Amino acid sequence: MGAIWFASDLHLTAVEDAVFDRFSEFCGRVAADRAAALYLLGDVFEAWVGDDDDAPLALAVTQRLRALADAGVAIFITHGNRDFLIGADFAARAGARLLAEVEIIELAGRRVALLHGDTLCTDDVEYQAVRRQLRDPRWQQQFLAQPLAARRDFAAQARAQSAAHTAMAPAEIMDVNAGAVSALQADTGADWIIHGHTHRPAVHELGSGRRRIVLGDWPRAASWLCVDGEQATLAFEGTEVLV
Ligand SMILES: [Mn+2]
């Protein structure tokens, strides 16, 4: 069986951007590896305003993922806090499956919990309140009913507000809450937790062989976890470490 690849927080903004080239290269690598699966754990896009988005970026990412899917790579997408509006239409076109907020998979005999990671950042009370509003199906329905141009304006505004909040909030509340991690671990019985969102790539030992693996953000450098049989490699900030 081929390797299983994980990535998150690509925060793609435009095809002209260098990060898109990084993503394209990565797709080539995953294809050449004859990977079994690719898990994208949220914030592939810096913003997603609806599956009817006809911007060149949306089309280009659809093509890249579809090519992988056609080559036999199973593709899975978790919603991030930026691209939580990715829907069934996009997934179908890209040949991908949308995952639940927390998904449990088995990986080399381990029980693994996959999630974007924002739900673990419970110290950021202001963010969690905004999140509740944005995940409300009625809000989403109303938003998606607006013309594409209005949705793009809203997304640009939300990004500016989010950037201002990130700049103002104390660093520690932007990271995961230890209690939230313990609760997830207890609820799922996971040996490994894999997530992104915090842009703090690392391997945290949770005791008794349990681990929390955090993927890095792509505007800084390509970051991925590759699990190939017994071997797992985490790449971030230009280095690769064995997990
Ligand atoms: Mn995020």
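The shown structure was predicted, so the numbers you read here are calculated from the model rather than taken from an experiment.

Looking only at helices and strands, one finds seven helices and 12 strands in the chain. Summarising its shape, the C-alpha atoms of the chain cover approximately 50 × 40 × 30 Å along the three principal directions. Scored against the burial criterion, the 243 residues of the chain give a buried share of 34%. Contacts in the chain between residues far apart in sequence, at least 24 positions, make up 68% of those at least 6 positions apart.

This part is about the environment of leucine 148. Along the chain, leucine 148 falls in helix α6 (residues 148–168). Leucine 148 gets classed as partly exposed once you count the C-beta atoms within 10 Å, which come to 14. Taking the C-alpha atoms as reference, leucine 148 lies 7.4 Å from valine 49; in sequence the two are 99 residues apart. Residues contacting leucine 148, with those up to four places away along its chain left out, are Val49, Gly50, Asp52 and Asp53.

What holds strands together in a sheet is hydrogen bonding between their backbones, with the strands either parallel or antiparallel. Read across the sheet, seven strands follow the order β4-β3-β2-β1-β10-β11-β12 without closing on themselves; strand pairing throughout is mixed. Since the sheet does not close on itself, it has two edges, and those belong to β4 (96–98) and β12 (239–242), each with one partner. Sheet twist, expressed as the mean angle between neighbouring strand axes with direction ignored, is 20°. Two elements, strand β10 (residues 224–228) and strand β11 (residues 231–236), share five bridges in a ladder whose sense is antiparallel. Within the sheet, the bridge partner assigned to aspartate 228 lies in β11 and is glutamine 231. In the packing of helix α2 (residues 56–70) onto the sheet, contacts are made with β2 (37–40), β3 (74–77) and β4, and the angle to β3 comes to roughly 140°.

Sheet architecture is open: five strands sit in the order β5-β6-β7-β9-β8, paired in mixed fashion. Sheet topology places β5 (103–107) and β8 (202–207) at the edges, where each strand pairs with a single neighbour. Here the average twist between neighbouring strands, direction ignored, is 25°. Here five bridges tie β5 to strand β6 (residues 110–114), and the two strands are oriented antiparallel to one another. The residue of β6 that forms the bridge with leucine 107 is arginine 110. Relative to strand β7 (residues 192–195), helix α7 (residues 178–188) is tilted by about 125°, and along the sheet it contacts β5, β6, β7, β8 and β9 (210–214).

Cut-offs applied
- Residues numbered from 1 in each chain as written.
- Predicted model: local features only at pLDDT ≥ 70, side-chain atom pairs only at ≥ 80, totals over all residues.
- Helix = DSSP H or I, 4+ residues; strand = E, 2+ residues; numbered from the N terminus.
- Buried ≥ 20, exposed ≤ 12 C-beta atoms within 10 Å, placed from the backbone.
- Contact = placed C-beta atoms within 7 Å.
- Pairing = 2+ DSSP bridges.
- Axes fitted to C-alpha atoms, helices over the stretch in contact; angles between N-to-C directions.

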